[in-house]
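Structural characterization, general
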Amino acid sequence: MLNTISRYMPLLFAIMVFTMIFQFVESHWPQPAFIAALLTAIHSIAWYIAAAAILGWLVLLLGWLHAHDELPRFLQLRPLMDILDRLTNKQAVEEGFEKQDTATFIDAKSLSEALKQRVIGQNTVCDDIAAQIRRRLALSQRGKPVGVFLFAGPPGTGKTYLAKILAKELERPLLHLDMTQFSAGSHSLSQLLGMNKGYVGSDTYGKLTSGLQDTPNAVVLLDEIEKAHPDVLKAFLTAWNDGFITERSDSNQISTASAIFILTSNAGTQRLSEISIQFAQEPDAMREAAVNTLREAHFAPEVLNRIDRIFVFQPFKGLDIARVTALEIEDMIHGYGLEVADQGIDPDIILTLMARYQKLGKLGSSRDLIRAIEEQLADSLIEAKKAGHPKIKLQIDSEQRISAQAVTRPPTRE
Ligand SMILES: Nc1ncnc2c1ncn2[C@@H]1O[C@H](COP(=O)(O)OP(=O)(O)O)[C@@H](O)[C@H]1O
Ligand SMILES: [Mg+2]
C-alpha cells in the first residue's frame, strides 16, 4: 500500500499544485461553483493521501534507525525492554522454565498406577507415596532432600522392590546401599564417606559421596536401616538436616537436596503386620501406631523423628502370593530374553510354589523358590533361546518337574 502510494507521489503533488493554482485563479476570476467545489475536493483528497504516505515513511525510518541503533537516546525503547531480553536470551529462558515446570509436577495418579502394575497388594502404599512425592517435588524445601521415607513391614512384601520400581518410574538412578554392610563403626563411615586425608584409600571417594556427586537426584535406598552402625545413622542425620554431606578425603560438600532417601526396615514385623490390618482404613492412625511400635522395637529415635513419612507394608492376602509368583516367573523368563505365552504358566506350578512358600512360613523368601525353579528350567530355557523361539509355556509333570516348551515356530530363515 505504502509502496503504491509512493510510486504515485509525483502525480499527487502535480494534482495538488494544479488545484492550488486553480484556487488562486478562481479567487481572482470566479468560475462556475460546481467546478470550484470539485477541484477543492480533489485537492483535499490528494493532501490526505500524501500526508498518510509521509507518516508511513516516518514510521519506517524510525524503525530502521532503531534496528540499526542509530536512534537518538531519548527516542530509544531500551528502558522498556524486559531485563531478560536485555541481559540474556529470553526465549531460551522461557522454554527452559516450561520444561522445568513439567519436570517437578509429576502426575501422581499415573505414577501410582504404574507402581501398582508391578507391586502387588500394596495399593495404599503406592497411592500414598505417589501423592507424597508429587507434593514434595512441587514444594521442595531449599537445602533439604526431596523426602526421607521409611518403608516398614514384614520381609518379602516388596519394600526393596518398590524402591527400585519407584526409581525406574521417576527416571532417577538408584543408589542401593545395603546397611547390613555398614554395621561396623569407623570402617563403615570410610566406606560411605571416604577416607580421611593421609590414609590409604584417601584418593577415592566413599560410596555415598561419589554416588551423590555423580547423580545428585538419585533415589538413595538405605536397605534394612536398623542394621546400620549408630555412627552411620548420625552421618545420615547430618545429610538430611544440612542438605549436604562432606566427603572426608577432600572436605568437598556434596548436596543431598535433590535426592530422595528411602529407608527400609523389618523391625517390629509382627506388630506392624497387625497394625497395618487393624488401621487399614485410617492411614494417620496407622502411622502413629507404627512410630510407637518402631520406638518400642528400639528403632533409633532420632532417625524416627527426622523421617518425613512412614509407609506400612501389608502382609499378602488371598491370591497376592500367586500374583507375585507369576510376576517373578515372568521376570525370570524375561531375563533369558524370552516371553511367556498368554496363559502360558500351568496353574499347578503356581499352586505348588505357593504351597512351598507357605511351608517355609513368614520368613520364607519367594526369591529362593524362584531360584529353585530356575535351576530346573535353565536348560530348557537356553534351548528355546538358541532355537529362536520367542514365546514359551511352562508345564509341570506328575513328578513335579517343571519344563519349558516353545509355542511358536522358529522364524523361517531365508
Ligand atoms: N508386593 C510385591 N509385588 C511384587 N513382587 C514382590 C512383592 N513383594 C516381594 N516381591 C518379590 O519378592 C522379591 C523380594 O521382595 P523384597 O522387595 O526384597 O522384600 P522386602 O524388601 O520387603 O523384604 C522382589 O524382588 C519381588 O520380586
Ligand atoms: Mg528388603
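In what follows, the structure referred to is the one given above.
In this report, we go over the structure that sits alongside the text. Since the model is a prediction, treat every value here as computed from it, not as a measurement. (Residues numbered from 1 in each chain as written. Chains lettered and ligands numbered in written order. Predicted model: local features only at pLDDT ≥ 70, side-chain atom pairs only at ≥ 80, totals over all residues. Heavy atoms only, no water.)

Bringing helix α9 (residues 185-193) into the picture now. Because the α-helix completes a turn every 3.6 residues, residues three or four places apart line up on one side. G185, S188, L189, S190, L192 and L193 are the residues of α9 that are buried. Summarising the contacts, the buried residues of α9 are in contact with β2 (174-178), α10 (207-214), α11 (230-242) and β4 (244-246). G194 sits one or two positions beyond α9 and adopts a positive phi of about 90°. (Buried < 20%, exposed > 50% of the residue type's maximum accessible area, 1.4 Å probe, protein only. Helix = DSSP H or I, 4+ residues; strand = E, 2+ residues; numbered from the N terminus. Contact = heavy atoms within 4.5 Å.)

Scanning all chains against the criterion turns up five aromatic pairs. Taking the centre distance of 5.6 Å and the plane angle of 80° together, the rings of F149 and F311 count as edge-to-face. Here the residue F149 occupies a position in strand β1 (residues 147-152), and F311 occupies one in strand β7 (residues 309-312), the gap between them amounting to 162 residues. Like F149, the residue F311 is buried in the burial classification. Ring geometry for F236 versus W240: centroids 6.0 Å apart, planes at 25°, classification stacked. Pair noted here: F236 and W240 are both in helix α11, with a separation of four residues, about one helical turn. The class for F236 is buried, based on a relative accessible area of 1%. Here a set of aromatic residues connected by ring pairs shows up, and it is made of F149, F151, F311 and F313. (Phe/Tyr/Trp six-rings, centres within 6.5 Å; stacked < 30°, edge-to-face > 60°.)

The immediate surroundings of ligand 1 are formed by 16 residues, with I120, G156, T160, Y161 and E328 found nearest. In the model, an oxygen atom of ligand 1 is placed 2.8 Å from a nitrogen or oxygen of the K159 side chain. Within the side chain of E328, a nitrogen or oxygen atom sits 2.7 Å from an oxygen atom of ligand 1. Starting from 550 Å² of accessible surface for ligand 1 in isolation, the protein chains cover 90%. Mapped onto the shell around ligand 1, the elements with two or more residues apiece are α8 (159-169), α15 (320-334) and α17 (366-387). For the shell around ligand 1, the leading source of residues is α8, giving three residues. (Near = heavy atom within 4 Å. Polar contact = N/O pair within 3.5 Å; in protein donor to acceptor, adjacent residues only side chain to side chain. Areas by Shrake-Rupley, 256 points an atom, 1.4 Å probe, with all protein chains shown as cover.)

The residue L177 is located in strand β2 in this model. With sequence-adjacent residues up to four places away left out, L177 is seen in contact with F182, L192, K207, L208, V220, L221, L222, D223 and F236.

A word on the sheet that holds strand β9 (residues 391-396). Spatially, β8-β9-β10 is the arrangement adopted by the three strands of the open sheet, whose pairing is mixed. Two strands close off the open sheet at either side, each with one partner strand: β8 (339-345) and β10 (402-406). On average, each strand axis in the sheet is tilted by 40° relative to the strand beside it, whichever way the strands run. One ladder, built from five bridges, connects β9 with β10; its direction is antiparallel. (Pairing = 2+ DSSP bridges. Axes fitted to C-alpha atoms, helices over the stretch in contact; angles between N-to-C directions.)

The next subject is the packing of α9 against α11. As a packed pair, α9 and α11 sit with axes 8 Å apart at the nearest point and diverge in direction by 35°. Contacts from S188, L189, L192 and L193 in α9 reach D231, V232, A235 and F236 in α11.

Turning to the environment of L115, a few remarks are in order. Within the secondary structure, L115 is located in helix α6 (residues 108-118). Between the C-alpha atoms of L115 and E169, which are 54 residues apart in sequence, the distance is 7.8 Å. Excluding residues that lie within four positions of it along the chain, L115 makes contacts with C126, I129, L162, I165, L166 and E169.

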